[in-house]
Amino acid sequence: MRLHLIIALGLCLLLSDPARVLAQAKTSDSGDQPAEQLSAYEHLDQFIDVLTLIQKNYVEQPPMDQLMSGAIKGMLSELDPHSAYMPPKMFEEMQIETMGEFNGLGVEITVKDHLITVIAPIADTPADRAGIRAGDIIVEIDGTLTKDMSIMDAINQMRGPRSSEITLGIMRHGETAPLSFTLTRETIRVDSIRERLFEPAIGYVRISQFQQRTAREFKAALKTLHDKAGTPLQGLLIDLRNNPGGLLDQAIQVCDLFLNSGKIVSTEGRRKTDNFTYNATAADTQPGYPIVVLINEGSASASEIVAGALQDHKRAVILGTGSFGKGSVQSIIPLADHSGLRLTTAYYYTPNGTSIQARGIVPDVNVEQAIWKKTATYELTKEKDLNNHLEPPSPLDPKKQDVADPDKIESDFQLLRALDLLRGWQQMKHLQPCPIDGEQAAS
């Protein structure tokens, strides 16, 4: 998610007194307005007519703030799954969340077929410990049905005071009736970085989310691994599985540690101000040890930027299953009443000019996680499955149109395969080439 602080005073003025603004707009150079703009004014006329009818004829006097909030939510719900209106409390919590702390359950959700669907639980949170899984459908929250509930309303209900309880009704593939989970809310402190050293001098870094301190903590984790190894690293595993994304600038800084030049990512929107190209710099570039990046269907947005950049530059092997496929950029726009909009304003493109929107990153080595072979035979929710999802912008890269089917170290099959790959890499580079038949080795 890319954070732009844009004060939308014009929008606030329009919503606070639409009749006055509309009248001013119509009387100023109305003859020069293009047809589509005149059509917009006509739609606003209809909106004001409906608002007036509700105010005058509804059985009870409706609060104006609720009417306007509902109208804004309705507009944004018609756009795409990632655009939303955030009331003041929700907007404040979103800003706190980017710091890596909030009160809740620790579960990343989206909306699929008008149902609240789990993308992934955050590791070591109430949702994770209770056994909530990717692909679960939350059908009830404390007895309230979630059918047609907005994602923001669902988040608002699942968050609450620390130590308070909440009951979720979960529909799971293979179950004939909803499962009931009673969870206790906690202060979720998302440590975005966790590192571990494997032999021989192979580093492992897990990035759970891209927050304000992620790049700095990632760099510190690499130094810790180097110090523990007592020798230069011989390989690195970057684990981006179930990473829902986060801040664009942090993903760019992580990529920049492994690239000394060239494009990392570019964004393109309707406005020129949304068009950017971010390039790597030579400063602080890590040595050229081999890298394997782990992804799965829960890897989205900023994590796909990292995987896509390292893949296109042939700096890393991508291993796992096809990623979520969220190739759009959301701008955060604060409004005058301390509420805010999360608005999709651009597509992003990998260094080769490829959009992964609704298609995802295709791994170089496709490895299913063994646990999913036992517990699920269905396709987990991805961007292409969401209502109103944006289609991939053209032109498309024909080489990357196919999307792979989605799906404790001893049971982590993908991690074990990645370790085997890096260890084999180290062994193979020491082998001597075999002379071709009939040729003699030089003396």
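Residues numbered from 1 in each chain as written. Predicted model: local features only at pLDDT ≥ 70, side-chain atom pairs only at ≥ 80, totals over all residues. Heavy atoms only, no water.

J.: Sorry if this is basic, but what is going on with a nonpolar patch on the surface here?
T.: Together, Val 50, Ile 54, Tyr 58 and Val 59 make up an exposed nonpolar region whose accessible area comes to about 400 Å². Mapped onto the elements of the fold, Val 59 is located in the loop between helix H3 (35-57) and helix H4 (64-77). (Patch = residues over 30% accessible without salt bridge, like charges linked within 9 Å, V, L, I, M, F, W, Y side chains within 5 Å. Areas by Shrake-Rupley, 256 points an atom, 1.4 Å probe, with all protein chains shown as cover. Salt bridge = Lys/Arg side-chain N within 4 Å of Asp/Glu carboxyl O. Helix = DSSP H or I, 4+ residues; strand = E, 2+ residues; numbered from the N terminus.)

J.: Is there a simple way to think about the sheet that holds strand S12 (residues 235-239) in this case?
T.: Pairing between sheet strands relies on hydrogen bonds along the backbone, with the strands arranged either parallel or antiparallel. An order of S10-S11-S12-S15-S16-S19 is seen for the six strands of this open sheet, with the pairing classed as mixed. Unpaired on one side and paired on the other, strand S10 (193-198) and strand S19 (365-366) mark the two borders of the sheet. Where strand S11 (residues 202-207) and S12 come together, five bridges link them in parallel fashion. Within the sheet, the bridge partner assigned to Arg 206 lies in S12 and is Asp 239. Across the face of the sheet, helix H8 (residues 214-229) comes into contact with S10, S11 and S12 while running at roughly 20° to S10. (Pairing = 2+ DSSP bridges. Contact = heavy atoms within 4.5 Å. Axes fitted to C-alpha atoms, helices over the stretch in contact; angles between N-to-C directions.)

J.: What is the right way to read the pattern of salt bridges from this model?
T.: Pairing is possible between side chains that carry opposite charge, provided their charged atoms lie close to one another. The final tally for this structure, using the stated rule, is 11 salt bridges. The salt bridge partner of Arg 206 is Asp 239, with a shortest N-O separation of 4.0 Å. Of the two residues, Arg 206 is situated in strand S11 and Asp 239 in strand S12; the sequence distance between them amounts to 33 residues. For the pair formed by Arg 206 and Asp 239, the shared burial category is buried. A cluster of three or more residues bridged by salt bridges with shared partners is formed by Arg 206, Asp 239, Arg 241 and Asp 412. (Buried < 20%, exposed > 50% of the residue type's maximum accessible area, 1.4 Å probe, protein only.)

J.: Looking at this structure, I do not really get the packing of H8 against helix H9 (residues 248-256). What am I missing?
T.: Each pair of packed helices can be described by the angle between their axes along with the distance between the axes. It is at 8 Å that the axes of H8 and H9 come closest, and there the two elements cross at 25°. By the criterion of interaxial angle, the relationship of H8 to H9 is roughly parallel. Contacts between H8 and H9 involve Thr 214, Ala 215 and Phe 218 from the first element and Gln 250, Gln 253 and Val 254 from the second. Taken together, the residues of the contact of H8 with H9 break down into three nonpolar, three polar and no charged. (Parallel < 35°, antiparallel > 145°, perpendicular 65-115°, else oblique. Nonpolar A, V, L, I, M, F, W, Y, C, P; charged D, E, K, R; others polar.)

J.: I tried to follow the environment of Ile 238 on my own but got confused; where do I start?
T.: Structurally, the position occupied by Ile 238 is in strand S12. Residues Ile 238 and Val 205 lie 33 residues apart in sequence; the distance between their C-alpha atoms is 5.1 Å. Excluding residues that lie within four positions of it along the chain, Ile 238 makes contacts with Val 205, Ile 207, Phe 218, Phe 258, Ile 291, Val 292, Val 293, Leu 294 and Leu 310.

J.: Sorry, what's going on with the nonpolar core here?
T.: In terms of nonpolar packing, the biggest core is built from 41 residues, with Val 205, Ile 207, Phe 218, Leu 236, Ile 238, Phe 258 and Val 293 touching the most fellow members. Contributions of two or more residues to this core are made by S11, H8, S12, H9, strand S13 (263-269), strand S15 (291-295), helix H10 (302-312) and strand S18 (340-349). The dominant element in this core, judged by the number of residues it contributes, is H10, at six residues. Dropping the residues within four chain positions of it, Val 293 is found in contact with Ile 238, Leu 240, Ala 307, Leu 310, Ala 316, Val 317, Ile 318 and Leu 319. One finds Ala 127, Ile 138, Met 149 and Ile 332 within the second-largest nonpolar core, a separate group that totals 27 residues. (Core = buried A, V, L, I, M, F, W, Y, C linked by side-chain atoms within 4.5 Å.)

What is shown is where atoms sit, not what they do.
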